[in-house]
Amino acid sequence: MHTNKIHFRIIISIFCCCFFLSSCGVSDYINSRKIAKAPIYKAPPKTSECDFNPRRIERVTNYINRIRNESRVCGDKFYSAAPAIEWNEKLNIAAQTHSNDMADNNFLTHDGSHGLILGERVANEDYDWKSVAENIAGGTDTPEQTIEFWLSSPGHCQNLMNAIHTQFGLACTRNNISDYRIYWTMVLASPRHK
């Protein structure tokens, strides 16, 4: 009977760890070493609906900076207004690659279908980062709607408001036969050397 209690505790501990690790929230790596190159998921061309042209990039960047310009509470953590954040094309490509992977392979998680994690995807774009975080979403139709969704989630809100992040990329991919139709990825980071 004592052995059964120990087995039960081990199973509950494993379940809690798996649940915590699989929950979608803060995926922040700070001061980590650059990760070795891993196989790269080749992203198909962007669809026109999810193409971030210069005008759209400016609109989304201004929208995010208006949000960061105001203090807010994310879950139970208070964030002062954060400095402006700027668009980065390398982070956009890392975000686009992950959105394409999720849409093409019908999943919604931070780990890629080929086993790539966030830090590897960003390093594969030759972005030497000192901090990096990722927000993902599925099923929302516009960047603004997606960002509002993230603001309602403590971990995602913390990523948006974290002053350490100075650059970002945002991408989406549509696949009408996948569960969520539209898959969004936002990568926020700061370079090791600016």
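Cut-offs and rules
- Residues numbered from 1 in each chain as written.
- Predicted model: local features only at pLDDT ≥ 70, side-chain atom pairs only at ≥ 80, totals over all residues.
- Heavy atoms only, no water.
- Disulfide = S-S within 2.5 Å.
- Helix = DSSP H or I, 4+ residues; strand = E, 2+ residues; numbered from the N terminus.
- Buried < 20%, exposed > 50% of the residue type's maximum accessible area, 1.4 Å probe, protein only.
- Expected span 1.5 Å × (residues − 1).
- Contact = heavy atoms within 4.5 Å.
- Polar contact = N/O pair within 3.5 Å; in protein donor to acceptor, adjacent residues only side chain to side chain.
- pLDDT = per-residue confidence, 0-100.
- Core = buried A, V, L, I, M, F, W, Y, C linked by side-chain atoms within 4.5 Å.
- Axes fitted to C-alpha atoms, helices over the stretch in contact; angles between N-to-C directions.
- Parallel < 35°, antiparallel > 145°, perpendicular 65-115°, else oblique.

Overview of the state of the cysteines
Argument step 1. Going through the model one piece at a time under the given rule, you end up with 2 disulfides.
Argument step 2. Disulfide partner of Cys-50: Cys-172, at an S-S distance of 2.0 Å. The sign of the S-S torsion, about -110°, decides the handedness of the disulfide formed by Cys-50 and Cys-172: left-handed. Highlighted residues: Cys-50 in the loop between strand 1 (29-30) and helix 2 (54-68) and Cys-172 in strand 6 (residues 167-174), separated in sequence by 122 residues. Each member of the pair Cys-50 and Cys-172 is classed as buried.
Argument step 3. Linked covalently through their sulfurs, Cys-74 and Cys-157 form a disulfide whose S-S length is 2.0 Å. On the S-S bond that ties Cys-74 to Cys-157, the torsion sits near -50°, and the link is left-handed. Linking Cys-74 in strand 2 (residues 72-74) with Cys-157 in helix 6 (residues 154-161), this pair joins segments that are 83 residues apart in sequence.

As for helix 3 (residues 89-105)
Argument step 1. Its 17 residues place the ends of helix 3 24 Å apart at the C-alpha level, agreeing with the 24 Å of an ideal helix rising 1.5 Å per residue.
Argument step 2. Most of helix 3 is tucked away: 12 of the 17 residues are buried.
Argument step 3. Of all the positions in helix 3, only Leu-91, Asn-92, Ala-94, Ala-95, Gln-96, Thr-97, His-98, Ser-99, Asn-100, Asp-101, Met-102 and Ala-103 are classed as buried.
Argument step 4. On its buried face, helix 3 is in contact with strand 4 (86-87), helix 4 (118-123), strand 5 (129-138), strand 6 and strand 7 (182-191).
Argument step 5. Among the residues of helix 3, the N-terminal cap falls to Asn-88, whose side-chain oxygen and the backbone nitrogen of Lys-90 are separated by 2.9 Å.
Argument step 6. Following helix 3 by one or two positions, Asn-106 adopts a phi angle in the positive range, close to 55°.

Section: the confidence of the model for the chain
Argument step 1. When pLDDT is averaged across the chain, the result is 82; 74% of the residues are at 70 or more.
Argument step 2. This stretch, residues 3-46, has a pLDDT under 50; its non-local contacts, to residues over four places away or in other chains, come to 70 contacts.

Description of the nonpolar core
Argument step 1. Formed by 25 residues in total, the largest nonpolar core has its most connected members in Ile-147, Trp-150, Phe-168, Leu-170, Trp-184 and Met-186.
Argument step 2. Among the elements that line this core, the one with the most residues is helix 2, at 5 residues.
Argument step 3. For Ile-147, the residues in contact, after removing those within four places along its chain, are Val-60, Tyr-63, Ile-64, Ile-67 and Leu-160.
Argument step 4. If you look at the next biggest cluster of nonpolar residues, it comprises 12 residues, including Ala-94, Leu-118, Val-122 and Ala-123.

Looking at the packing of helix 5 (residues 143-151) against helix 6
Argument step 1. The N-to-C vectors of helix 5 and helix 6 enclose an angle of 110°; their axes lie 6 Å apart at closest approach. One element, helix 5, and the other, helix 6, form an angle in the roughly perpendicular class. In this structure, helix 5 uses Ile-147, Trp-150 and Leu-151 to contact helix 6, whose residues at the interface are His-156, Cys-157 and Leu-160.

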